[in-house]
Amino acid sequence: MEEARNVHLRKSPRPQPGRATELAESAWAIVLFCVACGAVAGALLPLLARLLLALPWAPLEGPAELLTSVPEPALTLGTIAVGVLGGLLLGFTAAHESLSVRVRDTHVTLTIRDSSQEFAREEISVFFRDGKQLVLLGPDSLELAREHCGLNWQRLADSLTAYGYAWEEQDPYHAEFRRWVPGTPGLPTGADALLRARAQVRKDEDSAEEARELRGELLRLGVVVRDEDRRQYVRVVTGDAGG
């Protein structure tokens, strides 16, 4: 692993002191992609409605009949316009929630949803990718940050290692996680109740922020949690972790 990291560092010459590298998704690219998807969906909607009405029994038959009662080309033009507006709204939302990473010799800044988190070099142990999420661990092996990331992973890894930060392709503590079930032994007091609450909250897609807050509460107890499908896996950090 260390040899691979050294090779990676040689491929990415260290930037000049005081320089910064900014990595961010193109907001316009995100918006245009969503608008294009919305336009295509809008154009296909009349066709889908007609296909539904051709079936012996169709769900949403009433709305489909109402939709197809609008004459062409007004119908298709109208559904495309609605799709474009929906795509525009989705695109601006996605751009607002996209992650940007600013890398300097002394610190790394993560910015998302108009809020920034800054981490000094001495606070950082390693960065790694967990599915579509960027994770940052501290020297005690606790998570400092976990954010959804749409950046190019290779470019991100090259930029971080160019400044001397450690990068791993997966969680270096992956083998220490075990699946949580109610009553799992060995957890700190209060962790089981928080995990129960988080399991319940995760059933509702609109409760992502609450699940995030519960993750933070678990970290304060020394419990790192990662999600896999509908399951929660936990790792308990001891006082000498990372030492």
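Above this note sits the structure.
Throughout, residues of each chain are indexed from 1 in the direction in which the sequence is written. Local features in this predicted model are restricted to residues of pLDDT 70 or higher, and side-chain atom pairs are both shown and tallied only at a pLDDT of 80 or more, whereas totals for entire chains, interfaces and linings draw on every residue. To get the side-chain values, all heavy atoms of the structure are used, and hydrogens and water are removed first.

It is worth spelling out the nonpolar core at this point. The nonpolar core is taken to be a set of buried Ala, Val, Leu, Ile, Met, Phe, Trp, Tyr and Cys residues, with the residues joined through side-chain atoms within 4.5 Å. For every residue, the accessible area obtained with a 1.4 Å probe (protein chains only) is divided by the maximum for its type, and the residue is called buried under 20%, exposed over 50%, and partly exposed between those limits. Residues Val101, Val108, Phe127, Leu134 and Leu156 are the most contacted members of the largest nonpolar core, which totals 23 residues. For helices the rule is a DSSP run of H or I covering at least 4 residues; for strands it is a run of E covering at least 2, with both sets numbered from the N terminus onward. Those elements that place two or more of their residues in this core are β2 (100-104), β3 (107-112), β6 (133-137) and α5 (153-162). At 5 residues, α5 tops the list of elements feeding residues into this core. For Leu156, the residues in contact, after removing those within four places along its chain, are Leu23, Val101, Leu134, Cys149 and Trp167. What makes two residues a contact is simply this: any of their non-hydrogen atoms within 4.5 Å.

Turning our eyes to something else, we now look at the pattern of salt bridges. For salt bridges, the criterion is a side-chain nitrogen of Lys or Arg within 4 Å of an Asp or Glu carboxyl oxygen. All told, the structure shown has 15 salt bridges when counted by the stated rule. Here Arg215 makes a salt bridge to Glu143, at a shortest N to O gap of 3.8 Å. Pair noted here: Arg215 is in helix α7 (residues 208-220) and Glu143 is in strand β7 (residues 143-148), with a separation of 72 residues, a long-range link. Just as Arg215 is buried, Glu143 falls in that class too. Residue Asp227 is joined to Arg202 by a salt bridge in which the shortest nitrogen-to-oxygen separation is 3.6 Å. On the criterion of sequence distance, the pair formed by Asp227 in strand β10 (residues 223-228) and Arg202 in the loop between α6 (191-201) and α7 is long-range, its members being 25 residues apart.

Spacing of three or four residues puts side chains on the same side of an α-helix, whose turn is 3.6 residues. For helix α4 (residues 74-96), spanning 23 residues, the distance from its first C-alpha to its last is 33 Å, which sits close to the expected 33 Å at 1.5 Å a residue. Turning to α4, its buried residues are Leu75, Thr79, Gly83, Gly87, Gly91 and Ala95. Expected span, for any helix, means 1.5 Å times one less than how many residues it has.

What follows concerns the packing of aromatic side chains. Under the pairing criterion, centres of Phe, Tyr and Trp rings, with the six-membered ring standing for Trp, must be within 6.5 Å; the plane angle then separates stacked pairs below 30 degrees from edge-to-face pairs above 60, leaving the rest tilted. On inspection of all chains with the given rule, the structure shows 2 aromatic pairs. Pairing Phe127 with Tyr165 gives two aromatic rings, centres 6.2 Å apart and planes at 90 degrees, and the pair type is edge-to-face. Here the residue Phe127 occupies a position in strand β5 (residues 126-130), and Tyr165 occupies one in the loop between α5 and β8 (167-168), the gap between them amounting to 38 residues. Here the two residues Phe127 and Tyr165 agree in accessibility, since each one is buried. Taking the centre distance of 6.2 Å and the plane angle of 40 degrees together, the rings of Trp153 and Trp167 count as tilted. In this pair, Trp153 is assigned in helix α5 and Trp167 in strand β8, connecting sequence segments 14 residues apart. For the pair Trp153 and Trp167, a shared accessibility class is recorded, and that class is buried. Either the NZ atom of lysine or the CZ atom of arginine qualifies as a charge over a ring when it sits within 6 Å of the ring centre and within 35 degrees of the ring normal. Here Arg121 stacks its cationic end above the ring of Tyr165, 4.2 Å away from the centre of that ring.

Take the sheet that holds strand β11 (residues 231-236) next. Either a parallel or an antiparallel arrangement is found when strands of a sheet pair, and the pairing is made through backbone hydrogen bonds. If you trace the 3 strands from one edge of the open sheet to the other, you get β9-β11-β10, paired in antiparallel fashion. Of all the strands in the sheet, the pair left with one neighbour each is β9 (178-179) and β10. Of the pairings in the sheet, the one linking β9 to β11 comprises 2 bridges and is antiparallel in character. Opposite Arg179, over in β11, you have Tyr233 as the bridge partner. Pairing between strands requires that DSSP locate at least two bridges from one strand to the other.

Between N-to-C directions, angles span 0 to 180 degrees; the directions come from axes that are lines fitted to C-alpha atoms, helices contributing only their stretch in contact. At a minimum axis separation of 9 Å, α6 and α7 run at an interaxial angle of 165 degrees. Of the possible angle classes, the one that applies to α6 and α7 is roughly antiparallel. For the crossing formed where α6 meets α7, the hand is left-handed. Across the interface between the two elements, Ala191, Leu194, Leu195, Ala197, Arg198 and Val201 from α6 touch Glu210, Ala211, Leu214, Arg215, Glu217 and Leu218 from α7. Angle categories are assigned with fixed cut-offs, so that under 35 degrees is roughly parallel, over 145 is roughly antiparallel, 65 to 115 is roughly perpendicular, and the rest are oblique. Crossings are assigned a handedness: left-handed for a near helix turned anticlockwise from the far helix by less than a right angle, right-handed for a clockwise turn.

In short, geometric facts, not functional conclusions.
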